[in-house]
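Descriptive analysis of the structure
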There are 2 protein chains.
Amino acid sequence: MICTPLVGATPEQLGTELDMVLPKQPDMLEWRVDFFHGIANSAEVVRMAQSIKAAAGGIPILFTRRSTREGGEPIGMSEDQVVAMYEAVCHAKCVDLIDFEMSNDADHIAHLRSISRAHGIGLVLSFHHFSATPSQQELVARFELAQQLGADVAKIAVMPQRLDDVLTLLSATLQASTTLAIPVVSMSMGPYGSLTRLFGFAFGSALSFAVGANSSAPGQVPIEDLNTVLAIVNKSMG
Amino acid sequence: MICTPLVGATPEQLGTELDMVLPKQPDMLEWRVDFFHGIANSAEVVRMAQSIKAAAGGIPILFTRRSTREGGEPIGMSEDQVVAMYEAVCHAKCVDLIDFEMSNDADHIAHLRSISRAHGIGLVLSFHHFSATPSQQELVARFELAQQLGADVAKIAVMPQRLDDVLTLLSATLQASTTLAIPVVSMSMGPYGSLTRLFGFAFGSALSFAVGANSSAPGQVPIEDLNTVLAIVNKSMG
C-alpha cells in the first residue's frame, strides 16, 4: 500500500496538490495538518478535511499532526489544543485514520484511542527518530508498545547513520510483523533509508510513503518509481 | 555490474543466446560450461570460448564449471580432467575470469590460482548452498577464506528458508565488503532471494546475475527489470 502526503499551507495549495496526486492513484492520503496555516481553528480544519475527503473519492485519509520533536512544523498550539483538534476531527468523521505520537502524554493517547474507536476511526501510534536508529530490540519494543496502547497500526520512522542500520530496521520490522496482531509500518529515512521505502513491504511493512506532489520527509521516492519497483519485486518473488 | 549467464548445450544454442543477450548490454557474460555438451573436449571448449569472446566485443567473460554438488549439471569428468580444462582455457587466454569452487581440493585451487595469475586471468572463488543459509559468522568466514586462498573475487550464493535469511546474507555481505580487500559478490536464491539480486549491490555485492535469455539459478530476474530497479535505487540513494 502506498500513502501520499499532502503538505499544503492553504486550501488553494491543498487543492493543487490533490489535483496532482489523485491521478497517481495512491492507496491512502496523509494530510499533514501541521503544515496547514489554519490549524489553530478546528472548524477550519474540519472543513478542510471534509473537502479533502470529498475530493479523494473513497481513498482513505490519514490525519496527522507531526510534532516538531518528531520532525513536524511549529504550530504554536498547546497539546491540549492539539488533542481538542483531533477530537473535533473524530466527531466530524471527516477522516479514516489518525496518527498520534506514542511519546505523547499517556492520558491524551488513551483519550484519543477511546474517541477514535467510538467514531470508527483507526488509530496509528507512531514513533520517529530523525538522527539515529535504535537497536532491533528497542525498535521491536516500540512496535509492541503501540499495540499495548491500543493502536490499530504501529508506525516507526528512524534515521540510519550507516547501512547496517537499514538492516536493523528491516529485521525489527520482520520480527514485529510476524509477532504482533496489528499491521506495522516502518521506514528508514534519508538516502540509505530510501531502500526501505522501496523494499520494506517485502519484510512486513504495510505502507510506504511516496511523493505525489511534495515530500514530507527525507528519502521519500516518487510514487511512480515505487509502483515500478513494487511490480518488479512482486513478480520476482512470485 | 550485471552478469548474464550463457547456458547453451551446443555452439548453435550459444550463438542464439548471444544474439539475445548482447543487445541487452550486460557488464559481464558467464559461460556455464557444465551445460555444454562438448565439455569433455578441451580443444572444443577453447574454440567455443574464443568464439564467445569474439562475439562479446569486449564484454568480460567469466568461465564457470559449476559442480553438481553446488547446483551444476552432471558432466562425467574427473576433477583432474576439470582442472586440465581450466588450465587449457587459461593458456589460451580466451576468458577474463574463471570461477572455481572453494570446496574443491586445496591443491587444485592453488594450482589454478597460480595458472590464472600467470595468464592475467582473474579468479573467482565461490561457495553455493542450495538448501539453506549459514549464519552471518559462517558466511563472513567463507568470504575471508576466499581471500586467504588468493581469490580476486569472493562469491557466495545461498538459499533462504525464511525472510530473515535474506537479511543475514545482506549483513554478511555488508560486513565482508567493508572488511575484505577484494570485491565480494553475493546472492540469496529463489523467490525470497530475488530481493538480493535487485538491491544487494547497495549492501556491497559487486555483481548481480540477471537473465538475458535463459536463467542459470533460481530467482534470477530479467536484466531489463534489474536495470530499472538499479536506476531507481541509485537515484533514490542520491
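Heads up: the structure comes first, above all this text.
Small disclaimer: the values here were computed from a predicted structure and weren't measured.

1. Comments concerning the packing of aromatic side chains
Tallied over the full model, the rule gives 10 aromatic pairs over all chains. When the ring of A:Phe199 is compared with that of B:Phe199, the centres are 3.8 Å apart and the planes differ by 5 degrees; the resulting orientation is stacked. Placement of the pair is A:Phe199 in helix H7 (residues 190-199) and B:Phe199 in helix H7 (residues 190-199), with the two residues belonging to separate chains. Here B:Trp31 and B:Phe63 contribute two aromatic rings whose centre-to-centre distance is 5.7 Å and whose plane-to-plane angle is 70 degrees, an arrangement assigned as edge-to-face. With a gap of 32 residues between them, B:Trp31 in strand S2 (residues 28-32) and B:Phe63 in strand S3 (residues 61-64) connect regions that are remote in the sequence. Judged by its relative accessible area of 0%, B:Trp31 is buried. According to the relative accessible area criterion, B:Phe63 is buried, its value standing at 0%. Grouping aromatic residues by their ring pairs yields a cluster made of A:Trp31, A:Phe36, A:Phe63, A:Tyr86 and A:Phe100. Above the ring of B:Phe209, the side-chain terminus of B:Lys155 is found at 4.6 Å from the ring centroid.

2. Quick notes on the interface of chain A and chain B
Facing 24 residues of chain A, the contacting portion of chain B comprises 25 residues. Of the charged contacts in the structure, one is a salt bridge between A:Lys235 and B:Asp225, with a shortest N-O distance of 2.5 Å. Where chain A packs against chain B, one counts four residue pairs in polar contact (both at pLDDT 80 or more). Going through the elements one at a time, helix H6 (163-179), H7 and helix H8 (223-236) of chain A are the ones with two or more residues in the side of chain A that touches chain B.

3. Let's talk about helix H3 (residues 79-92) of chain A
All names here are of chain A. Helix length check: H3, at 14 residues, gives a terminal C-alpha distance of 20 Å against a target of 20 Å (1.5 Å per residue), a fit within 8%. Listed as buried for H3 are Val82, Val83, Met85, Tyr86, Val89 and Cys90. Burial along H3 is one-sided: seen end-on, the buried residues are contained in an arc of 155 degrees. Where the residues of H3 are buried, they touch helix H2 (42-56), strand S3 (61-64), strand S4 (97-101) and helix H4 (106-118). Phi turns positive, to about 50 degrees, at Lys93, one or two residues after H3.

4. Observations regarding helix H4 (residues 106-118) of chain B
All names here are of chain B. Between its first and last C-alpha, H4 extends 18 Å over 13 residues, near the 18 Å set by a 1.5 Å rise per residue. Among the residues of H4, His108, Ile109, Leu112, Arg113, Ile115 and Ser116 are the ones counted as buried. Elements in contact with the buried residues of H4: helix H3 (79-92), strand S4 (97-101) and strand S5 (122-129). Backbone nitrogen of Asp107 and a side-chain oxygen of the N-cap are separated by 2.9 Å at the start of H4; the cap is Asp105. The positive-phi residue at the C-terminal boundary of H4 is Gly120, with phi of around 70 degrees.

5. Overview of the sheet that holds S3(A)
All names here are of chain A. Taken together, the eight strands give an open sheet; going across it, the order is S7-S6-S5-S4-S3-S2-S1-S8, and neighbouring strands pair in parallel fashion. With partners counted over all chains shown, the strands left at the sheet margins are strand S7 (184-188) and strand S8 (208-209), one partner each. The sheet contact formed by strand S6 (residues 153-158) and S7 spans five bridges and is parallel. Pairing of Ala154 across the sheet is with Val184, part of S7. H6 rests against S6 and S7 of the sheet, and its axis sits at about 175 degrees to S7. Most of the contacts of H8 go to strand S1 (residues 2-6), to which it runs at about 175 degrees, and overall it touches S1 and S8.

6. Points about the relation of the copies chain A and chain B
Aligned on chain B, chain A shows an RMSD of 0.0 Å; the corresponding rotation is 180 degrees and the shift along the axis is 0.0 Å. Between the two chains, the operation in question is that of a two-fold axis. Interface residue correspondence from chain A to chain B reaches 100%, placing this contact among same-surface, isologous pairings.

7. Focus on the sheet that holds S4(B)
Residues and elements named next belong to chain B. Here we have eight strands laid out as an open sheet, ordered S7-S6-S5-S4-S3-S2-S1-S8, and parallel in their pairing. For this open sheet the edge positions go to strand S7 (184-188) and strand S8 (208-209), each flanked by a neighbour on one side alone. With respect to the sheet, helix H1 (residues 11-21) is in contact with strand S1 (2-6) and S2, its orientation differing from that of S1 by roughly 155 degrees.

8. Comments concerning the pairing of S6(A)
Regular strands show a simple pattern: their side chains alternate between the two faces of the sheet. Residue and element names in this part refer to chain A. Burial of S6 is extensive: six of the six residues sit out of reach of the surface. Residues Val153, Lys155 and Ala157 line one face of S6 and the alternating positions Ala154, Ile156 and Val158 line the opposite face, and both faces are buried. Judged from the six bridges that link them, strand S5 (residues 122-129) and S6 form a sheet pairing that is parallel. Residue pairing in the sheet places Leu125 in a bridge with Ala154 of S6. In this fold, S5 hands off to helix H5 (residues 136-148), which returns the chain to S6; that crossover is right-handed. Taking the sense of rotation as the criterion, the β-α-β connection linking S6, H6 and S7 turns out right-handed.

9. Some thoughts on the pattern of salt bridges
Under the criterion given, the structure shown has 20 salt bridges over all chains. Ionic pairing is found between B:Lys53 and B:Asp96, a salt bridge with its closest N-O pair at 3.2 Å. Of this pair, B:Lys53 sits in helix H2 (residues 42-56) while B:Asp96 sits in the loop between H3 and S4, and the two are 43 residues apart along the sequence. Note on B:Lys53: relative accessible area 33%, which makes it partly exposed. Taken together, the shared-partner salt bridges connect A:Arg66, A:Arg69, A:Asp99 and A:Glu101 into one network.

Rules used in this analysis
- Residues numbered from 1 in each chain as written.
- Chains lettered and ligands numbered in written order.
- Predicted model: local features only at pLDDT ≥ 70, side-chain atom pairs only at ≥ 80, totals over all residues.
- Heavy atoms only, no water.
- Phe/Tyr/Trp six-rings, centres within 6.5 Å; stacked < 30°, edge-to-face > 60°.
- Helix = DSSP H or I, 4+ residues; strand = E, 2+ residues; numbered from the N terminus.
- Buried < 20%, exposed > 50% of the residue type's maximum accessible area, 1.4 Å probe, protein only.
- Lys NZ or Arg CZ within 6 Å of the ring centre and 35° of its normal.
- Contact = heavy atoms within 4.5 Å.
- Salt bridge = Lys/Arg side-chain N within 4 Å of Asp/Glu carboxyl O.
- Polar contact = N/O pair within 3.5 Å; in protein donor to acceptor, adjacent residues only side chain to side chain.
- Expected span 1.5 Å × (residues − 1).
- Arc of directions from axis to C-beta.
- Pairing = 2+ DSSP bridges.
- Axes fitted to C-alpha atoms, helices over the stretch in contact; angles between N-to-C directions.
- Least-squares fit on C-alpha atoms with pLDDT ≥ 70 in both.
- Right-handed = clockwise from strand over helix to strand, strands pointing away.

Without other data, these values stay purely geometric and don't point to any function.
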